[in-house]
Every structure is written in C-alpha cells, then in structure tokens.
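Coordinate inspection notes
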Amino acid sequence: MLEISNLSHTYGSGPSAHTALGGIDLSVAEGELVCIVGPSGCGKSTLLRSVAGLITPTGGRILLKGVPVNQTPDDLAVVFQDYSRSLFPWMSVADNVSLPLRRRGQDKRQRRESAMDALEQVGLADAAAKYPWQLSGGMQQRVSIARALAYRPSLLLMDEPFGSVDAQTREDLEDLTLRVRGHHNMTILLITHDIDESVYVGDRVVVLSKSPGGIAGDLRVGLPGPRDQITTREHPEFVRLRAEVGRLVRGMRSHPAAAS
Amino acid sequence: MISSVAGSRVLCGALGVAGLLAAAELAGRAGLVDPAVLPLASTILARTVELATDGEFLADVAATMQAWALGLLLTVAVTVPAGLALGSLPRVEAAVRPLIEFLRPIPSVALIPLAILLFPDRLDMKIAVIFYASCWPVLINTMYGLLEVDPVAKETLRSFGFGPLAVLWRVSLPSTAPFIATGVRLAAGVALILAISAELIGGGSSGIGTYVVEAGSSFDGLEYILAATVWAGMLGIVTNSLFIGAERRLFRWHTARAEGAR
Ligand SMILES: Nc1ncnc2c1ncn2[C@@H]1O[C@H](COP(=O)(O)OP(=O)(O)OP(=O)(O)O)[C@@H](O)[C@H]1O
Ligand SMILES: [Mg+2]
C-alpha cells in the first residue's frame, strides 16, 4: 500500500539547513493502522507532510499503491492537529464535510448525503447546520474526522489528531477511529506523542528517533480481541508494549526480556 | 448588551450634535457671529429640509450617487482581482511595487484637471477620478488580507487534491473577504469625497458639487451651500452605516471567531 524508502528531508540550505528526517524506510500494508511516535521535533509531521505530497522531500522515494507521490495523491485525506484552523469558519459543518467531495465528482445531493452519513458516524448529525466555531473543540475535531471519512480515502493520515482535547474526549475519539476503520477498509497512519495511545489504537507502533529522525523501533501490537479502554489497558501485553515503546522513545536500547 | 452599548453611542453622538447646533444657534442670536459669515443653525436646518423637496437638487444628488456607485463598482471589479493576483504572485508584486509606491501618494484631487483633459464626458471623468482614489484601500486590504490567510486552511484543501486556483477561490478569497469589505467601505467614503470634488472643480451639468458652485453666485447662496454640505455629510454617514451593517451580517463568522479567540 505505502512504500517509503530512504526518505530524508532537509529544511533550508547552507549553514541554517536543518535535517528533519534522515533516511526512513517504512512499508505499510493495506488495512493496517500504524502509529508513529517520537520525541517532539523528530520529524513526525515532516514525514506525514511528505506522504501527503504537501512538501517535496529532498531525498528518497514514496510509493502509494505503487505510484510515486509527487503531488497530493488523490486517494488520501489528512486530519490535522489544528482542527480549528483546518475547518472553514465561513461554511456550515455540513458544507465543510461535503466540500472535498467535489473532487469525487459527486453531485450536490450525493455530497449532502455522504456528508450527513459521515456526521452520523461521528455522532454529529444534529450539528450539520451549525458553524464550526459554534462547536466545542472535541466536536470540531470530530467534524474534521467526518470530513476525512466522507471522502472515503484509502489512506488516512492523522497528525496528533487528539492532542488538544480533554482526556475523556480523547478516549472517545480513539474508539471512534477504531470503529470507523472497521467499517471502511482504510489504511491509517496516525501520529501521536502519547505512548499509551499508540499501543491502544495501533496494529503497529513505529518509533522515530531524535532529530534527524530515523526509525528506532517497529513493534507489532498483538492485543487480543476488540480494544476496550479499561480492560485493554490492564492487559499484560499492553503494559509490556507500553514500557518497550517508552524505552525506545527515550532512546534506550530495547530489552524486551527485562520488562516484567 | 451589544445593542444597548451601540444605542448609547448613537445617543451620545446625537447629544453632541444637538449641543453643537444649540451653541451655534445661541452664538448667532447673541450677535457673536455675523449671519453673513455663518447663518443661524436653524436657518441651515430649514434649508436642508427644504432641499428634500427641491426636484432639481434631488436630481443633483442622484447624479453624484450615480457616479459614486459606478466608480465604486469599477473599483471593486478591477482592484479585487488585481489585488488577488498581486497577493498570490510575489514576483509580479515585486515588479509593480515601485509603481504603486509612486502613484499612491499623489493626491487624487490634483489629478482632476488631468482627468478633465482626458475625459471629455463629465461622468467618465468623475468615474476615473473616483477609481483612482478609491482603488488604494481596496488594493491594499486585498493584498494584506491574502497574507493573513491561514496556511493550515490552504493545506487542508490542498491535501484533498485541490489545485492552486481552487484553493484561491475556495479558501483564500472567502477568508480575505472581510478585509476586502473593509477596504470597500473605506473606498466608499473616499469615492463620495472625490465625486463631489470632481464636480466642484470640473463643473458639468449636475451633481451636488455643481449645485454648490451654482448656489455660490446667488444672493442667499451661503445658506444653500451649507445645506448641500449637510446633505453630503449625511449621505456619507448613511452609506457608511449601510456598509457596516452588511459587513456584520455577511461576516458574522469572522467577528464571532475573533471573539472566541480572545
Ligand atoms: N518549515 C520549516 N522550516 C524549517 N525547519 C522546519 C520546518 N518545519 C519543521 N522544521 C524543523 O524540522 C524538525 C522536525 O519538525 P516536525 O514538525 O516534523 O517535528 P514533529 O516530530 O512533528 O514535532 P512535534 O511533535 O513537536 O509536532 C524540527 O526541528 C523543526 O524545527
Ligand atoms: Mg508535528
């Protein structure tokens, strides 16, 4: 689905140049939910922006379904961390959600239906006629998730999507993400700085090392059954993985045996 | 709450005007001011009301407002696209910047004689002068507003595969619209001033300025000149408040968001 090979990116040039990514190799299979964690400034957003075609990386190659990414790919949606800036305040919630569907060649009625569908899924059908600034932060982030869902992308990129909502809303949005990816067969790349979150929602956790970012670890999450905010977090495997990811993020060598 | 604050502001303004008029009236009646220099406030007010029933004067008002509206329309039609183009193409902007910096400080009134030479038709002349004066606030506000467009909003649309023109049309233009509207409101005030100035200097068959010039040659002309001036001032206030009202209605999202961010 997604093949990233030897991806590197340097901002600027000359003495002020800053290498944000230093050679990333990553491949994501169809339908996988991969979480990317790493310390602040290690290049997580740079990686996501490269995959989305919003910036042209200075080195390496990205293949999406075998096609090199050089402009923004058609079959991809991004949920930005900054929901309040990523929603358009002059449009109603429903119009915000249906706007990208113009790219899908849907007519007005179809767009409206798809938008209402997506809003229903995130529990915001009642807010369709409101404006984004009339909603709470958590609701706004749900609108931007609905917008991405309505678009039916085969690859969904999320950049710290739950970073600025309260703990309860955050858990709700995590479960929402798990639920919707079950419905649509989407591949998801989710960036977070929250180690627990990465283990809770991910099929795989990829840890980036400090700047310039490289891959410090790639762990498969083998948790049994559907995830549950209480029981999953108590599971010994969850506890082990969380410690392991924490160690990797802090730049320590991984010692799976020592985690008990 | 907001409406009561606005209400008390209007009240304060009305009291101020009434106070000033009363003082002028008293000064005139007490013989402090020669009525040949400044007629009594009550006389001017009476003339102002009288003009409302004067068909010829109303035709003059219509002529001025016609030039005003056409000039403003031309300004918006030309300047908004030009501002959008300059704001999105930094190289072009850098190329025309010196020209703008040279032209902008030229007082528009000083260009009226030139406009009279270039445009034999008086309406064309007025529109040209209005255009020249009122294009600056619109141009500057459009370019400035474009700089303020949130890059995250643009990236959002881009990430869904929209091209640069779609981003300009669907994100940059709507988020710049409140700034453009403010520019147009400022331009509307400037346009009225220039319409009347052009009539004063350029003459022509009708207009508030023309009326004033003609009244100057009659016996009780001063009273009518001042009454016509009051009309011009009121036209300015009324059009300005219409623009403010329209901005409030259209760009509720802009003010509401700014209040939320505070
Ligand atoms: N436009 C830019 N120009 C120059 N340097 C940049 C730019 N964007 C990011 N950087 C630098 O590149 C590095 C990686 O940035 P990036 O935003 O990818 O980090 P991140 O992992 O997403 O961090 P965070 O968790 O804080 O969001 C940082 O050191 C940052 O200062
Ligand atoms: Mg980031």
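Residues numbered from 1 in each chain as written. Chains lettered and ligands numbered in written order. Predicted model: local features only at pLDDT ≥ 70, side-chain atom pairs only at ≥ 80, totals over all residues. Heavy atoms only, no water.

1. Here we look at the overall build of chain A
- Of regular secondary structure, chain A possesses nine helices and 10 strands.
- Rg of the C-alpha trace for chain A: 19 Å, near the compact-globule value of 18 Å for 260 residues, within the 12% margin.
- For the C-alpha atoms alone, the extent of chain A along its principal axes is close to 55 × 50 × 30 Å.
- Partitioning the contacts of chain A with sequence separation of at least 6, the portion at a separation of at least 24 is 67%.
- For chain A, the exposed surface amounts to about 11,200 Å²; the carbon and sulfur share of it is 47%.
- Side chains of chain A give 29 positive and 29 negative charges; the mean places of these two sets differ by 4 Å. (Helix = DSSP H or I, 4+ residues; strand = E, 2+ residues; numbered from the N terminus. Rg over C-alpha atoms; globule rule 2.2 N^0.38 Å. Contact = heavy atoms within 4.5 Å. Areas by Shrake-Rupley, 256 points an atom, 1.4 Å probe, with all protein chains shown as cover. Lys, Arg positive; Asp, Glu negative; His and termini not counted. Charge placed at Lys NZ, Arg CZ, Asp CG, Glu CD.)

2. A look at the domain arrangement of chain B
All names here are of chain B.
- Split into domains, chain B comes out as domain 1 (1-35) and domain 2 (39-261).
- Taken over C-alpha atoms, the centre of domain 1 sits 28 Å from the centre of domain 2.
- On the domain 2 side, the residues contacting the six residues of domain 1 number five residues.
- Carbon and sulfur atoms supply 64% of the area that domain 1 and domain 2 bury against each other, a total of about 470 Å² over both sides.
- Considering only the surface of domain 1 that becomes buried against domain 2, Leu21, Glu25 and Pro35 emerge as the three largest contributors, covering 71% of it.
- Linking domain 1 with domain 2 are zero salt bridges.
- Put simply, domain 1 and domain 2 have two residue pairs in polar contact (both at pLDDT 80 or more) between them.
- Residues that form the side of domain 1 that touches domain 2 fall into these classes: three nonpolar, one polar and two charged. (Domains from an automatic or database assignment. Buried area = accessible area lost by both parts, 1.4 Å probe. Salt bridge = Lys/Arg side-chain N within 4 Å of Asp/Glu carboxyl O. Polar contact = N/O pair within 3.5 Å; in protein donor to acceptor, adjacent residues only side chain to side chain. Nonpolar A, V, L, I, M, F, W, Y, C, P; charged D, E, K, R; others polar.)

3. Thoughts on the interface of chain A and chain B
- Across the contact, 24 residues belong to chain A and 20 residues belong to chain B.
- Both faces considered, chain A and chain B share a buried interface measuring about 2,200 Å² in area, 65% of it formed by carbon and sulfur atoms.
- Of all residues in chain A, the largest losses of buried area upon contact with chain B belong to Arg85, Trp90 and Trp133 of chain A, amounting jointly to 31% of the total for that side.
- If you look at where chain A meets chain B, you find two salt bridges.
- Put simply, Arg49 of chain A and Glu155 of chain B hold a salt bridge, and the shortest N to O gap is 2.6 Å.
- Residue assignment for the side of chain A that touches chain B shows that the elements contributing at least two residues are β6 (76-79) and α2 (83-86) of chain A.
- Class assignment of the residues belonging to the side of chain A that touches chain B gives a composition of 14 nonpolar, four polar and six charged.

4. A closer look at the site of ligand 1
Residue and element names in this part refer to chain A.
- Around ligand 1, the surrounding shell consists of Tyr11, His18, Ala20, Ser40, Gly41, Cys42, Gly43, Lys44, Ser45, Thr46 and Glu160.
- One of the backbone N or O atoms of Gly43 is found 3.0 Å from an oxygen atom in ligand 1.
- Here Ser45 contributes a side-chain N or O atom positioned 2.7 Å from an oxygen atom of ligand 1.
- Protein coverage of the free-state accessible area of ligand 1, which is 630 Å², stands at 58%.
- Residue assignment for the shell around ligand 1 shows that the elements contributing at least two residues are β2 (18-28) and α1 (44-51).
- When residues in the shell around ligand 1 are grouped by element, the largest group, three residues, is from α1. (Near = heavy atom within 4 Å.)

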